Amino acid sequence: MGIKIAIAEDNSFLLKAILEKLSFFEDVEVKFHGYNGVEFLEKLAQDSNVHLILMDIEMPKMNGIETVAEITKKYPQIKIIMITVFDDDENIFRAIQAGAHGYLLKEVDAKSLHQGILDTLEGGAAMTPSVAMKALKLLRNPPNFEEPREEINLTTREIEILEQTSKGLNYNQIGENLFISPKTVRKHIENIYGKLQVHSKLEAVQKAVKNRIIEG
């Protein structure tokens, strides 16, 4: 039985290299490839008769890890091997979390790539040795890759003014809504800029949203 494979890779040179490696093996059939996650998911929706996907990480429109998460939800029967130049802890951790079954680096030779595909289809996990070591360490000591939020202490009034500012209201309109003078609004805005370490309304709103002080 032929192994039906699809590839997600935005670099035409690297795609060609992967196709050349697979061309040595008669049991492998590459059905299609996509240059980004969005295009790949569209093609997969048209033809999901695929056994295994080779997935790049760094792609435009939708990256590999986001694409893996979507495929895992919609097509849990399809195996996925990340094939990438990135072997940092965060990418390995997020890829496995998203549902990847294997993780190979792009310098993998043709024989190892083919064996990794066979192992994964048989229920194993194809991993470049250095990646396997990192994966074990991550399992022993799961990291927290969430971006730390800054400690910003705004008063209730300052948050109210920021919320009004985010809606595009000027000092006079904010003052009317909150029953304070435009001059007082300006003073509060100056305090907000200082606390957030920004220099414009747009920066203030963006930083407040990022740190979940106000809704975006």
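For the structure itself, look to the data block above.
None of these values were measured; they are calculated from a predicted model.

Q: Which residues make up the nonpolar core, and what values do they have?
A: Nonpolar side chains in soluble globular proteins tend to be buried together. The biggest cluster of nonpolar side chains holds 29 residues, and the ones touching the most others in it are Phe40, Leu44, Ile53, Met55, Ile71, Met82 and Tyr103. Mapped by element, the contributors of at least two residues to this core are β1 (3–8), α2 (37–46), β3 (52–55), α3 (64–74), β4 (79–84), α4 (89–98), β5 (102–105) and α6 (129–140). Considering each element in turn, this core owes the most residues, four residues, to α4. Ignoring anything within four residues of it in the chain, the contact list for Met55 reads Ala8, Phe40, Gly64, Thr67, Val68, Ile71, Ile80, Ile81, Met82 and Ile83. Leu196, Ala204, Ala208 and Ile214 belong to the second-largest nonpolar core, a separate cluster that totals 19 residues.

Q: Just give me the short version of helix α5 (residues 110–121), but keep the residues and values in it.
A: In this model α5 runs 17 Å from its N-terminal to its C-terminal C-alpha over 12 residues, within 8% of the 16 Å that 1.5 Å per residue would give. By the burial criterion, the buried members of α5 are Ala110, Leu113, His114, Gly116, Ile117 and Thr120. All buried residues of α5 project into a common sector of 160 degrees when viewed along the axis, lining one side. Of the surrounding secondary structure, the elements contacted by the buried residues of α5 are β1, α1 (12–22), β2 (28–34), β3, β4 and β5. Backbone nitrogen of Lys111 and a side-chain oxygen of the N-cap are separated by 3.1 Å at the start of α5; the cap is Asp109. Of the residues trailing α5, Gly123 is marked for its positive phi of about 100 degrees.

Q: An account of the sheet that holds β2 is requested, with residue identities and associated values reported.
A: Ordered in space as β2-β1-β3-β4-β5, the five strands form an open sheet in which the pairing is parallel. One side of each edge strand has no neighbouring strand; the edge strands of this open sheet are β2 and β5. In this sheet, adjacent strand axes meet at a mean angle of 25 degrees when their direction is disregarded. When β3 meets β4, the two strands line up parallel, connected through four bridges. Residue Ile53 lies in a different strand from β4, and its bridge partner there is Ile80. Helix-sheet contacts for α2 involve β1, β2 and β3, and the interaxial angle to β2 is about 125 degrees. Along the sheet face, α5 touches β1, β2, β3, β4 and β5 and points at about 150 degrees away from the line of β4.

Q: Please give an account of unusual backbone geometry that cites residues and values.
A: Positive phi outside glycine occurs at Phe179, with the angle close to 60 degrees. As for its position among the elements, Phe179 is in the loop between α8 (171–178) and α9 (182–196). One non-glycine residue, Gln197, lies in the positive phi region at around 60 degrees. By secondary structure assignment, the location of Gln197 is in the loop between α9 and α10 (201–210). Take Gln197: its relative accessible area is 62%, and that puts it in the exposed class.

Q: Which residues make up the side chain of Glu9, and what values do they have?
A: Considering the arrangement of structural elements, one finds Glu9 in the loop between β1 and α1. A polar contact is formed between the side chain of Glu9 and the side chain of Lys106, at a distance of 2.6 Å. When near neighbours in sequence (up to four residues on either side) are disregarded, Glu9 contacts Leu14, Leu15, Ile18, Gly34, Tyr35, Asp56, Met59 and Lys106.

Q: An account of the environment of His188 is needed here, citing residue identities and associated values.
A: For His188, the location among the structural elements is in helix α9. For His188, a relative accessible area of 18% puts it in the buried group. Separated by 168 residues in sequence, His188 and Glu20 place their C-alpha atoms 63 Å apart. When sequence neighbours within four positions are dropped, the list of residues in contact with His188 reads Arg157, Glu158, Ile161 and Ile180.

Q: Kindly report on the packing of helix α7 (residues 156–166) against α9, identifying the contributing residues and their values.
A: Two numbers describe a pair of packed helices, the interaxial angle and the distance between the axes. Running from N to C, α7 and α9 point in directions that differ by 95 degrees, and their axes come no closer than 10 Å. With respect to α9, the axis of α7 lies roughly perpendicular. Here Arg157, Glu158, Ile161, Leu162 and Thr165 of α7 lie close against α9, whose contacting residues are Val185, His188, Ile189, Asn191, Ile192, Lys195 and Leu196. When grouped by side-chain class, the residues that make up the contact of α7 with α9 number six nonpolar, three polar and three charged.

Parameters and conventions
- Residues numbered from 1 in each chain as written.
- Predicted model: local features only at pLDDT ≥ 70, side-chain atom pairs only at ≥ 80, totals over all residues.
- Heavy atoms only, no water.
- Core = buried A, V, L, I, M, F, W, Y, C linked by side-chain atoms within 4.5 Å.
- Buried < 20%, exposed > 50% of the residue type's maximum accessible area, 1.4 Å probe, protein only.
- Helix = DSSP H or I, 4+ residues; strand = E, 2+ residues; numbered from the N terminus.
- Contact = heavy atoms within 4.5 Å.
- Expected span 1.5 Å × (residues − 1).
- Arc of directions from axis to C-beta.
- Polar contact = N/O pair within 3.5 Å; in protein donor to acceptor, adjacent residues only side chain to side chain.
- Pairing = 2+ DSSP bridges.
- Axes fitted to C-alpha atoms, helices over the stretch in contact; angles between N-to-C directions.
- Parallel < 35°, antiparallel > 145°, perpendicular 65-115°, else oblique.
- Nonpolar A, V, L, I, M, F, W, Y, C, P; charged D, E, K, R; others polar.

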